[in-house]
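Summary of structural features
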Amino acid sequence: MKATLVGAAAAVALASAPATAIARDTISIVGSSTVYPFATTVAERFGRSGNPTPKIESTGSGGGLKLFCQGIGTENPDITNASRRMKASEFEMCQKNGVKEITEVVVGYDGIVIANSVEGEKVDLSKRDIFLALGKEVPDPKGGEKLVPNPYKTWNEVNSDLPNTKIEVLGPPPTSGTRDAFNELAIEGGCKTFDWIAAIKKEDKSKYKSICRSIREDGAYVEAGENDNLIVQKLGSNPQALGVFGYSFLDQNRGKVQAATIEGVEPQMETIASGDYPVSRSLFFYVKKAHVGVVPGIEGYIKEFTSERAWGPDGYLVDKGMIPLPDDMRAKMAKQAQSLKSMTGKEL
């Protein structure tokens, strides 16, 4: 009876104060598989300091933001990681569901690599090569300003300098932030090198986006799940296949896989941080401000993640493959995170 009364009282309190979460002892974190190893490392350090170790689930960026934006309360996560920025539509979904105050934190940089087994041939790809190999519809090889379903079967059909091997690319599903960023930076990056397609954006943005961010569905691109380590393993058994994943997984698996250069640039910490590597992106986490002070430890976890010993140039996250932000950006983000500055939505 006592337990029933306590539960009922908590439910009433939550209903009457939607900005307050029911008390929970352990921080709940969801989101990006790319940010997962960094967040897990911070969580372990935080746990060794005498705090309950946060529970972290790798759901993909899109899946994590969907869970995060479902509402306020112990059944919903406190923090979500993302390997791309929150979309305006996701911010609106959060607002609609009562998740009004959200703190955005840029934690570092990552590069999206296209890699294969060290037993395979190392290649140099342009963004145009990537689009022509993987776009759902591409310019007609016979000429003219006309799109056709992707006809290319081998890499040397795309570019005669590339190997005469079957186009087979293992990559993340649509729920992944890596997939979103790959579509935007690599597929669209190559698509807009065709001036007549780029011109469509001014006339019909939706049509342009449909052309330039759609990946073929005929088996050349294989959705290999949210687990980037699984992609790395599969490349070992198929040296001719390529895989798409974050730089940190390349860094952790050197000796097993090798990265393609993109437009002549090798993915390295320096080239990603400088923006010279063409397929670079920022990494984020988002904090549900209503849960701070109710679920214990959130402020402490944020402070640990944004400490110099964690994300600084000599921090322990660098050893895991995270590329640190410039000093001034790091200082700004640490202040923003630790003060729990709320997003307005205008930045999206």
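Residues numbered from 1 in each chain as written. Predicted model: local features only at pLDDT ≥ 70, side-chain atom pairs only at ≥ 80, totals over all residues. Heavy atoms only, no water.

Points about the environment of Thr 178
Relative to the assigned elements, Thr 178 resides in helix α7 (residues 177–191). Exposure remark for Thr 178: the relative accessible area of 0% places this residue in the buried category. Separated by 96 residues in sequence, Thr 178 and Ala 82 place their C-alpha atoms 9.0 Å apart. Excluding residues that lie within four positions of it along the chain, Thr 178 makes contacts with Thr 34, Ser 83, Ile 112, Pro 172, Val 244, Phe 245 and Arg 281. At a separation of 3.2 Å, a polar atom in the side chain of Thr 178 contacts the side chain of Arg 281. (Helix = DSSP H or I, 4+ residues; strand = E, 2+ residues; numbered from the N terminus. Buried < 20%, exposed > 50% of the residue type's maximum accessible area, 1.4 Å probe, protein only. Contact = heavy atoms within 4.5 Å. Polar contact = N/O pair within 3.5 Å; in protein donor to acceptor, adjacent residues only side chain to side chain.)

Details of the nonpolar core
Core analysis: the biggest nonpolar cluster contains 100 residues, and Leu 125, Phe 182, Phe 245, Tyr 301 and Phe 305 have the highest contact counts within it. Leaving out residues up to four positions away in the same chain, Leu 125 has contacts with Ile 114, Ile 130, Trp 155, Leu 162, Leu 242, Ala 260, Thr 261, Ile 262 and Glu 263. (Core = buried A, V, L, I, M, F, W, Y, C linked by side-chain atoms within 4.5 Å.)

Notes on the packing of helix α3 (residues 61–68) against helix α4 (residues 88–96)
Between α3 and α4, the shortest axis-to-axis distance is 9 Å and the interhelical angle comes to 20 degrees. One finds that α3 runs roughly parallel with respect to α4. Only Glu 90, Met 93 and Cys 94 of α4 make contact with α3, whose side of the interface consists of Gly 62, Leu 65, Lys 66 and Phe 68. Counted by class, the contact of α3 with α4 contains 4 nonpolar, 1 polar and 2 charged residues. (Axes fitted to C-alpha atoms, helices over the stretch in contact; angles between N-to-C directions. Parallel < 35°, antiparallel > 145°, perpendicular 65-115°, else oblique. Nonpolar A, V, L, I, M, F, W, Y, C, P; charged D, E, K, R; others polar.)

A few points about the packing of aromatic side chains
Per the stated rule, a full pass over the model turns up 5 aromatic pairs. When the centroid spacing of 6.0 Å and the interplanar angle of 80 degrees are considered together, the rings of Tyr 301 and Phe 305 count as edge-to-face. Placement of the pair is Tyr 301 and Phe 305 together in helix α14 (residues 298–305), with a separation of 4 residues, close to one helical turn. Here Tyr 301 matches Phe 305 in class, with each residue buried. A cation over a ring is seen here: Arg 45 above Tyr 316, with NZ or CZ 4.0 Å from the ring centre. The residue whose ring lies beneath Arg 128 is Phe 194, and the NZ or CZ to ring-centre distance is 3.8 Å. (Phe/Tyr/Trp six-rings, centres within 6.5 Å; stacked < 30°, edge-to-face > 60°. Lys NZ or Arg CZ within 6 Å of the ring centre and 35° of its normal.)

Quick word on a positive patch on the surface
Positive charge collects at one region of the surface, where Lys 87, Lys 192, Lys 201, Lys 205 and Lys 209 lie side by side. Structurally, the position occupied by Lys 201 is in helix α9 (residues 200–203). (Patch = residues over 30% accessible without salt bridge, like charges linked within 9 Å, V, L, I, M, F, W, Y side chains within 5 Å. Areas by Shrake-Rupley, 256 points an atom, 1.4 Å probe, with all protein chains shown as cover. Salt bridge = Lys/Arg side-chain N within 4 Å of Asp/Glu carboxyl O. Lys, Arg positive; Asp, Glu negative; His and termini not counted. Charge placed at Lys NZ, Arg CZ, Asp CG, Glu CD.)

Examining the state of the cysteines
Within this structure, the stated rule accounts for 2 disulfides. Paired through a disulfide, Cys 69 and Cys 94 show a sulfur-sulfur distance of 2.0 Å. Negative torsions about the S-S bond denote left-handed disulfides, and the value of about -75 degrees found for Cys 69 with Cys 94 makes this one left-handed. Taken together, the residues Cys 69 in the loop between α3 and β3 (79–82) and Cys 94 in helix α4 connect sequence positions 25 residues apart. Ordinal numbering of bonded cysteines along the protein defines a disulfide pattern of 1-2, 3-4. (Disulfide = S-S within 2.5 Å.)

Some thoughts on helix α2 (residues 36–48)
Spanning 13 residues, α2 covers 18 Å between terminal C-alpha atoms, matching the ideal 18 Å at 1.5 Å per step. Looking only at α2, the buried set comprises Pro 37, Phe 38, Ala 39, Thr 40, Thr 41, Val 42, Ala 43, Phe 46 and Gly 47. At its buried positions, α2 is contacted by β2 (55–56), β3, α12 (247–252), β13 (280–288) and α14. Immediately downstream of α2, the backbone of Gly 50 shows phi near 100 degrees, a positive value. (Expected span 1.5 Å × (residues − 1).)

Re the pattern of salt bridges
Inspection of the entire model under this criterion finds 14 salt bridges. Here Glu 104 and Arg 85 are joined by a salt bridge, their closest N and O atoms 2.7 Å apart. Placement of the pair is Glu 104 in strand β4 (residues 102–117) and Arg 85 in the loop between β3 and α4, with a sequence separation of 19 residues. Judged by its relative accessible area of 4%, Glu 104 falls in the buried class. In this structure Arg 85 comes out as partly exposed when scored by relative accessible area, which is 35%. Where Arg 330 meets Glu 308, a salt bridge forms, and the shortest distance between an N and an O atom there is 2.9 Å. One end of the pair, Arg 330, is in helix α16 (residues 327–338); the other, Glu 308, is in helix α15 (residues 308–311), and 22 residues separate them in sequence. The exposure class assigned to Arg 330 is buried, which follows from its relative accessible area of 5%. Overlapping salt bridges, with partners in common, bring together Arg 84, Glu 90 and Asp 180 in one network.

Some thoughts on the pairing of β13
Counting buried positions along β13 gives 8 out of 9 residues, so the element sits mostly inside the fold. As paired strands, β3 and β13 are joined by 4 bridges and run antiparallel to one another. Along β13, the bridge assignment pairs Asn 81 with Phe 285. Bridge analysis of β4 against β13 gives 9 bridges, and the strand direction is antiparallel. Residue pairing in the sheet places Gly 111 in a bridge with Ser 280 of β13. (Pairing = 2+ DSSP bridges.)

Let's talk about the environment of Asp 78
Residue position: Asp 78 is located in the loop between α3 and β3. Accessibility expressed as a relative area gives 0% for Asp 78, which makes it buried. Excluding residues that lie within four positions of it along the chain, Asp 78 makes contacts with Arg 24, Thr 26, Ile 27, Ser 28, Phe 68, Tyr 286, Val 287, Lys 288, His 291, Val 295 and Ile 298. From its side chain, Asp 78 meets the backbone nitrogen of Ser 28 in a polar contact 2.8 Å long.

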